[in-house]
Amino acid sequence: MWVISRFRRLLAPALLVAPAFLTAQAPARSCNTSCLAQRAQDALAAHRYTDYLNVARQFASRAPDHPGVIYAMARGLALVGQADSALGWLKRLARIGASRAPAADSAFAALWDSPPFRALQTRLDANRVPVLRGKPAFALPDPDLLPEAMAWDPSTATWIVGSLAKRKLIRVRPDGSASDFLSGADLLRVVGIHVDSARSLLWFATWAPRLDSVGPHHESMTQTRLFKCDLRTGRILRRYMPSDSGSSHLFNDLTIAANGDVYLTDTEQGWLYRIRAGVDSLEVFLRPDPDRYSAANGIPLARGDRMLYVTFLEGIGKVDIRTRQITRLRSPVNTSTAEVDGLYWYRGTLLGVQHAPGLEQVARYQLTPDGGSIRRVDVLERGDSGLRLPTTGAVVGTRFYYIANSQFDRLGDDDQLSPATETPPPLTVVRVIELDDH
């Protein structure tokens, strides 16, 4: 679940690609995202555009199909006068389906009147044409809830929805009516939620900024907790926290195997954890190379619980559970799998909710038989004004429900909730797509 707006603000002035990268702690030998962002910001402030471009190239070597990075490369090349190369990167941006507006960016002023630039802007504008294969399912009644995740409870035929702003979980009936389910002083901002109906358990992850701590690059540190609860009563059965509390951690999304094992992502560290059902303790399952796999996020099990797919800043990784080997999921050149938030396995395909800059959409990734490559991408929803910071959802039967307008950018690191910019305040809408129709 991609919920950390502070990282978006961190990199927005640096690379002008917000929403963009999340910070992942890296070894001292490596300049991590915050470090690179600071270098880019310093270069821009001093009008050292060649240095800015060099930093953008470092980002591009890590996440070559991230739309924010592609835009930053085009921008940097335009600033140093390499017009043809800048146009080439803008062409890549249009090819992956993004819809940025370089015609409003003065960095491209020298290109504005050229026919190739105008043609590319037309292609980018065309990517805004809505694709709507679903419909609204229900709206949440509280405009200040700021939900990031939801899970279906088949035992009560209700949704369990978490709140970032109010640090609680609510039950929502299919008609949209709601009641409080679980709250407490030790709950933080609620992110990933999953129901283990076979064992009548509810699992959910929470996090919050540490207002009294800052990291090495002046970013605020985070704290995190995972909860296991009785699904029927909401009684908390156990809390899990990282063993090294002096570091910044963020438990985010999780998935549950048929045998009860739980796999969990840590966005701050980029790690994967496991809680084995028979042991019931938190263990680090995998520490991927932070220069290749950072900001671990969505995490579904697949192929008989033998494999995990994990969304990272750089794209989607495939993890063999037996060997703990991770490889990057290969994808066509007209595709970006960067900054996917929720990810779900459905009948041999992956469903992704993406909110990268200029690329807010729900997509279905058709995989090759070995599951190691994407052979085709079908866009299910995009381009509608109702899709703003979509986050996560859940597959229920043949339907996919997802949070279309989370509004999570209203919540600051200081826990202050900014007022809605519209009157009346918009409600968060959950949309539903009938998967077998598309």
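Model, not experiment: these values are computed from the prediction.

Each value, and the rule that gives it
- Residues numbered from 1 in each chain as written.
- Predicted model: local features only at pLDDT ≥ 70, side-chain atom pairs only at ≥ 80, totals over all residues.
- Heavy atoms only, no water.
- Salt bridge = Lys/Arg side-chain N within 4 Å of Asp/Glu carboxyl O.
- Helix = DSSP H or I, 4+ residues; strand = E, 2+ residues; numbered from the N terminus.
- Buried < 20%, exposed > 50% of the residue type's maximum accessible area, 1.4 Å probe, protein only.
- Axes fitted to C-alpha atoms, helices over the stretch in contact; angles between N-to-C directions.
- Parallel < 35°, antiparallel > 145°, perpendicular 65-115°, else oblique.
- Left-handed = near helix turned anticlockwise from the far one by under 90°.
- Contact = heavy atoms within 4.5 Å.
- Nonpolar A, V, L, I, M, F, W, Y, C, P; charged D, E, K, R; others polar.
- Pairing = 2+ DSSP bridges.

Colleague: Give me the lowdown on the pattern of salt bridges, citing residues and values where you can.
Modeller: Counted by the stated rule, this structure contains 23 salt bridges. Salt-bridge contacts for Asp291 lead to Arg62; the nearest nitrogen and oxygen are separated by 3.5 Å. Of this pair, Asp291 sits in the loop between strand 14 (282-286) and strand 15 (301-302) while Arg62 is found in helix 3 (residues 49-62), placing the two residues 229 residues apart along the sequence. For Asp291, a relative accessible area of 21% puts it in the partly exposed group. Judged by relative accessible area, which is 18%, Arg62 ranks as buried. A salt bridge links Arg328 to Asp65, with the shortest nitrogen-to-oxygen separation between them at 3.6 Å. In this pair, Arg328 is assigned in strand 18 (residues 325-328) and Asp65 in the loop between helix 3 and helix 4 (67-79), connecting sequence segments 263 residues apart. Among the ionic contacts, a cluster of salt bridges with common partners joins Arg167, Arg189 and Asp415.

Colleague: Outline the environment of Tyr71, listing residues and values.
Modeller: Relative to the assigned elements, Tyr71 resides in helix 4. Note on Tyr71: relative accessible area 3%, which makes it buried. As for Tyr71 and Asp253, which are separated by 182 residues in sequence, their C-alpha atoms are 28 Å apart.

Colleague: So, the packing of helix 5 (residues 83-95) against helix 6 (residues 115-126): which residues are in play, and what are the values?
Modeller: Put simply, helix 5 and helix 6 touch, their axes get as near as 9 Å, and they point 20° apart. Between helix 5 and helix 6, the angle falls in the class roughly parallel. Where helix 5 crosses over helix 6, the two elements pack in a sense that is left-handed. Facing Leu87, Leu90, Lys91, Leu93, Ala94 and Arg95 of helix 5, the residues of helix 6 in contact are Pro116, Phe117, Leu120, Arg123 and Leu124. Its residues placed into classes, the contact of helix 5 with helix 6 shows eight nonpolar, no polar and three charged.

Colleague: Describe the sheet that holds strand 19 (residues 340-346), and please don't skip the residues or the numbers.
Modeller: Pairing is antiparallel in the open sheet, where five strands are placed in the order 1-22-21-20-19. Looking at the sheet topology across the chains shown, the edges are occupied by strand 1 (131-132) and strand 19. In this structure, strand 1 lies alongside strand 22 (residues 374-382), joined through two bridges in antiparallel fashion. Paired with Val131 across the two strands is Arg382, which belongs to strand 22.

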